[in-house]
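The residues making up each chain are set out below.
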Amino acid sequence: MMQPAWLRETASKKRWCDVGAALQAQGRSIDDYPFCVRVMLENVLRSRALHGAERVPDDEIQRLIDWHQHLGRDVALAVSRVVLPDSSGLPLLQDLAALRDALARRGLDPSAVDTLLPVDLIVDHSLQVDHWARPDAIDLNLAREFKRNEERYRFIKWAHQAFQGVRIHPPGSGIIHQIHIERIAEAVTERDHEGSPWWYPEFVLGCDSHTTMINALGVLGWGVGGLDAEAALLGQPYGFPIPEVVGVRLSGTIGRGVVSTDLALLLTERLRSEGVTACALEFFGPAADGLPVAERATLANMCPEYGASCGFFPVDARTLDYLRATGRSADHVARVETYCRAARLFRTPSSAVPRYSRLIDIDVSKACPSLAGPRRPQDRLAIGAVAADFQTRLTAPVEAGGYARPAPSAGTAMQEGAVVLAAITSCTNTANPTAMLTAGLVARRAHQLGLRPPPWVKTSMTPGSRVVGDYLRDAGVLADLEAIGFGIVGHGCTTCGGKSGPLNPGVAEAIEAEGWVTAAVISGNRNFEGRIHKLIRANYIGAPHWVVMFALAGRIDIDLDHEPLGHAKDGQPVYAHDLLPDPSAVQALRPLAERPERFRTIYQQGADRTLWSSLDAPSGARYVWDAQSSYLVEPPFFERSAQAPSIEPEPTIPATTAWTESLGDQILARPLTRRPDPDRIDAARVLVLLDDSVTTDHISPGGEIPLESAAGRYLSTLGVRPSEFNSYVGRRGNYRVMTRAGFANLRLRNQLVPGIEGGHTRQRPEGPVISIFEAAMRNRAAGTPSIVLAGRDYGSGSSRDWAAKCTVLLGIVAVIAESFERIHRANLIAMGVLPLSFEPGDSWRSLGLTGDEHFTIQGISTAIDRGDPVRVHAVSGTTERVFAARPALLTGAERDLMRGGGIPSKVLDLYGVGRASPTRRARAR
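Here the structure is a predicted model, which means the values were calculated and not measured.

So, how was this worked out
Residues numbered from 1 in each chain as written. Predicted model: local features only at pLDDT ≥ 70, side-chain atom pairs only at ≥ 80, totals over all residues. Heavy atoms only, no water. Helix = DSSP H or I, 4+ residues; strand = E, 2+ residues; numbered from the N terminus. Buried < 20%, exposed > 50% of the residue type's maximum accessible area, 1.4 Å probe, protein only. Contact = heavy atoms within 4.5 Å. Areas by Shrake-Rupley, 256 points an atom, 1.4 Å probe, with all protein chains shown as cover. Phe/Tyr/Trp six-rings, centres within 6.5 Å; stacked < 30°, edge-to-face > 60°. Axes fitted to C-alpha atoms, helices over the stretch in contact; angles between N-to-C directions. Parallel < 35°, antiparallel > 145°, perpendicular 65-115°, else oblique. Left-handed = near helix turned anticlockwise from the far one by under 90°. Salt bridge = Lys/Arg side-chain N within 4 Å of Asp/Glu carboxyl O. Core = buried A, V, L, I, M, F, W, Y, C linked by side-chain atoms within 4.5 Å. Nonpolar A, V, L, I, M, F, W, Y, C, P; charged D, E, K, R; others polar. Pairing = 2+ DSSP bridges. Expected span 1.5 Å × (residues − 1). pLDDT = per-residue confidence, 0-100.

Now for the overall build of the chain. On a plain count of helices and strands, the chain comes out with 35 helices and 32 strands. Expressed as lengths along the three principal axes of its C-alpha atoms, the size of the chain is roughly 80 × 75 × 55 Å. The buried share among the 925 residues of the chain stands at 63%. Sequence-distant contacts in the chain: of pairs separated by 6 or more residues, those separated by 24 or more amount to 77%. Accessible area of the chain: about 31300 Å², with a carbon and sulfur share of 50%.

One pass over the full model with this rule turns up 22 aromatic pairs. A centroid spacing of 5.7 Å and a plane angle of 35° characterise the contact between Phe838 and Phe883, whose relative ring orientation is tilted. One end of the pair, Phe838, is in strand β29 (residues 834–838); the other, Phe883, is in strand β32 (residues 879–887), and 45 residues separate them in sequence. Overall, the relative accessible area of 5% leaves Phe838 in the buried class. Cluster of aromatic residues (ring-pair linked, three or more members): Phe155, Trp158, Phe163, Tyr623 and Trp625.

Looking now at the packing of helix α31 (residues 802–809) against helix α32 (residues 822–830). Two numbers describe how α31 lies on α32: the axes approach to 8 Å, and their chain directions differ by 40°. Taken together, the axis directions place α31 and α32 in an arrangement best described as oblique. The interaxial crossing formed by α31 with α32 has right-handed handedness. Along its contact with α31, which presents Ala803, Ala804 and Thr807, the element α32 presents His824, Asn827 and Leu828.

Okay, helix α11 (residues 293–301) next. By the criterion of burial, α11 is predominantly enclosed, with nine of the nine residues buried. Within α11, burial applies to Val293, Ala294, Glu295, Arg296, Ala297, Thr298, Leu299, Ala300 and Asn301.

The subject of this paragraph is the pattern of salt bridges. Summed over all chains, the structure comprises 66 salt bridges. We note a salt bridge from Arg324 to Asp321, for which the minimum N-O separation is 3.4 Å. Taken together, the residues span about one helical turn, with Arg324 and Asp321 both in helix α13 (residues 317–325) at a distance of three residues. Residue Asp321 is classed as partly exposed on the basis of its relative accessible area, which comes to 41%. Here Glu594 and Arg590 are joined by a salt bridge, their closest N and O atoms 2.7 Å apart. Residue Glu594 is classed as partly exposed on the basis of its relative accessible area of 33%.

Counting 302 residues, the largest nonpolar core has Leu250, Phe743 and Tyr794 as the members making the most contacts within it. Judged by nonpolar contacts, the second largest core, of ten residues, contains Leu715, Tyr728, Ala741 and Ala744.

Mapped onto the fold, Thr319 is located in helix α13. We classify Thr319 as buried; its relative accessible area is 0%.

So, on to the packing of helix α17 (residues 433–449) against helix α18 (residues 466–474). Helix packing geometry: the angle between the two helix axes and the distance between the axes. The interhelical angle for the contact between α17 and α18, taken along N-to-C directions, is 45°, at an axis separation of 11 Å. As summarised for this structure, α17 and α18 are arranged oblique, according to the angle between their axes. The hand of the α17/α18 crossing is right-handed. Of α18, the residues touching α17 (which contributes Pro433, Met436 and Leu437) are Val468, Tyr471 and Leu472. Among the residues making up the contact of α17 with α18, the classes are represented as six nonpolar, no polar and no charged.

We now examine the sheet that holds strand β20 (residues 519–522). Picture the strands of a sheet paired through backbone hydrogen bonds; they go either parallel or antiparallel. Spatial strand order, β17-β16-β21-β20-β18-β19: six strands in an open sheet with mixed pairing. On the outer flanks of this sheet lie β17 (380–382) and β19 (458–462), each paired with one strand and no other. Strand after strand, the sheet turns through a mean of 25° between neighbouring axes, direction not considered.

Right, let's get into helix α9 (residues 260–274). Here α9 is 15 residues long and its end C-alpha atoms lie 20 Å apart, about the 21 Å a rise of 1.5 Å per residue gives. Counting buried positions along α9 gives eleven out of 15 residues, so the element sits mostly inside the fold. Taken as a whole, α9 has its buried residues at Ser260, Thr261, Asp262, Leu263, Ala264, Leu265, Leu266, Leu267, Thr268, Leu271 and Arg272. Count one or two residues on from α9 and you reach Gly275, which has phi positive near 75°.

Spatial ordering of the open sheet is given by β14-β13-β12-β15, a layout of four strands whose pairing is parallel. Looking at strand neighbours, the two that pair on one side only are β14 (310–312) and β15 (358–363), the edges of this open sheet. For this sheet the average axis-to-axis angle between neighbouring strands, irrespective of direction, equals 25°. Sheet analysis places strand β12 (residues 245–251) next to β15, joined by six bridges and oriented parallel. Of the residues in β15, the one forming a bridge with Val246 is Arg358. Against the sheet, α9 contacts β12, β13 (280–284) and β15, and its axis sits at roughly 150° relative to β15.

What follows concerns the environment of Thr277. Among the structural elements, Thr277 can be located in the loop between α9 and β13. Judged by relative accessible area, Thr277 falls into the partly exposed class, the value being 31%. Along the sequence, Thr277 and Glu821 sit 544 residues apart, while their C-alpha atoms lie 6.7 Å from each other. With residues up to four places along the chain from it excluded, the contact list for Thr277 reads Arg272, Gly307, Phe820, Glu821 and Arg822.

With that out of the way, let us pick up the pairing of strand β5 (residues 119–122). Residues Val119 and Leu121 of β5 are buried on one face, and the alternating residues Asp120 and Ile122, pointing to the opposite face, are buried as well. Pairing analysis gives four bridges linking strand β4 (residues 81–85) to β5, with the strands arranged parallel. Considered in β5, the bridge of Pro85 is made with Ile122. Bridge count between β5 and strand β6 (residues 166–169): four bridges; the pairing is parallel. The residue of β6 that forms the bridge with Asp120 is Arg167.

With that out of the way, let us pick up unusual backbone geometry. The linkage connecting Gly373 with the following residue, Pro374, adopts the cis geometry, with an omega of 10°. Within the secondary structure, Pro374 is located in the loop between β16 (370–372) and β17. A positive phi is found at Ala133, a non-glycine position, where the angle reads about 55°. In this fold, Ala133 is placed in the loop between β5 and α5 (137–148). If you check the backbone angles, Thr494 has positive phi at about 40° while not being a glycine. Relative to the elements of secondary structure, Thr494 occurs in the loop between α19 (478–483) and α20 (507–514).

If pLDDT is low for a region, its predicted coordinates should not be looked at in detail. Averaged over the chain, the pLDDT score is 92; the fraction of residues at 70 or greater is 96%. Considering only residues more than four positions removed or in separate chains, one finds that residues 641–650, a stretch of pLDDT under 50, has 49 contacts.

This part is about the environment of Lys147. Relative to the elements of secondary structure, Lys147 occurs in helix α5. Along the backbone, Lys147 and Glu724 are 577 residues apart, and their C-alpha atoms lie at a distance of 9.9 Å.

Okay, here's the thing in structure tokens:
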């Protein structure tokens, strides 16, 4: 068979795809194509060369070549590898274990279920800040983490031996995205195919929305839900709608005293306003050229906050510098440069500007020292404006973003507006030496002047890599950070992901007694309501050195531009500008953070595996589920019929039946079955009525499990003490807990029960306030479908698939919103829940809907097949409102998933489950 003209071979006999040659054959110039589109084109051309036209037909390649004309059409990409945090990685592996069981029960070979791609699982989301401000905090927190999560970690160790290609980075290693960029990512990989070595750019999926941090290294990749990753690991191509590609030109010069975190907050604010949801962004321009990769990483990491699919920086000279600085081999660096230059994937300052869908110009000189808050990362405030904004919100109504509280009273040292938590945390900033060294030098000056945070401020530092503490120690600033309370307490996500642990003694009691609005300041990427700590209402994100400053001040209602943040030991006032280092002092220390031998040594040594190695774990192809476990319960998703989900009509529970947790479990254990009529949903009731910016944290919280919550009450019935509840993240292996956690965020505002926060609802206008879980289970038992009505940006935030899994288990068959975030929309489809968008200009408020109506949705089959709008009838008493809503299905693959009931059904079909004559599959190796 003649090889295509675009298939090349290097002098060393490495094969690679020449996208430029393939385009030239059609009279096109590769210079016109965005670099991220070039990577996608290489991906499909290589798949065609390796697997033939059956896998990648001509029309699919042509769609990408003419990508401007085919936005939203399908393209199937071959995934290079998958990266997982334990928070979503454990549920994914648990699903694979359940799939093996499903096959075994049907007489099929369970070992046929295996991971066919390399997968790295980094255990980083379970560490909590239980101990701080003491030299042994790292060891104590790690020991507590193991004790709290022992059963989960045994399962992960079982999965390591059960599935091929799974590499585990044990607790204490660091944060997934920082380890990814510093160690795992190759940018250009070499793989063998049938005896021939191939070079090609990586395309990576991660089960965490901040996977986009790797875009800073020129690696194309983004976050997906666990179900998409499962399908990829089982050998399925990843279906993706061809995105609008937006060029973001960065120009100007970053001002004095401004760090890349401030620029990231400017980008988040600006790009959110520009509307780049689900777009692929590609950065270029003179300011982009000058940014080191570690600075680019801060901008790319925040990609989910501005809503795009990726924030791509093509490979260039800075990429090569970073690979060398982080200890990659000379051969590795040579491979990346040689291939990218030959394949026209290497950008230089003189490279032609591609033809983008649109251009956005951003002058980086407009960035200023900033925080974002108090509820969303796109709500940027200049440092000097934070205090006034906080004071305004104290008395503003809740619906206007306020707290509706009286003005703060005086008379006590700690009072309203106190900063009670300050954390240097998250890969967003700890992977950035400039940001970390600036914080270290601020700490040095503060220590010299005798400043310390007030006693109510809980302080901590949790870098995403063990490299950070090493270079901070060599720079001589780690001791200063420790002296003012910012000692390293572990290596993991901690506070950024809601594992902040308890507040300082007496603080929680004071907040609850006084009803104070207090504040947290962290160097993370998200400040959604209820995420960081359940008692803290005002949450801000910013650069590490501003975390230190506000910790020293001890309050958020301070104008750091003009007010002193404290007093030196000689009694003189100390202002923020007194602590800020000269940029030259930071740059003088940067070489300490760029020593290749440091990275090689630390990563070769690895994290301390003593506790990990001592864990006994089961072996074998199938996991043995413990019926008494409150952590790991076999998930139900592969026992459903391979049809669209619905509600079983029998038996009915009378409205007077007393509610018990065991009753909830009985209902939850029943399989979801096919709707009687796949073309319509009848007599549905609104379970949750929501406004704009509802995040996946609202839908499936990740932090502390309150005793008074549905999940907390359930765990109590199992005999679990509140001190052992762990977090919602730690309980993701138990679907009974996680379904009760659905829409249970303490700050959720369900408009069916206005004025009440949390996971509450009413089944009818005059009915009592009950938990959303109870209402959902009563609906399921009565055969009543549930739906959700929402506003704009529904499902923003984390890529957690449990936000979709709990949705379907609650019996929700459709969500009607003004707009959806990319990942959550895809996750809903993956679980067979129909996402519907109001017509432009419509909303549940403008249509006069109250949530008390009975809803009938007609024309579903045609809507799925052709994209036509459905017809919705909402009836309340004698009033009927009729409106149209469009299916938020972008590709043929998504339509196929909706018809078939989601990815679990698709996967069952892949292995012959449900076919008339299932055949045994051999284990794929």
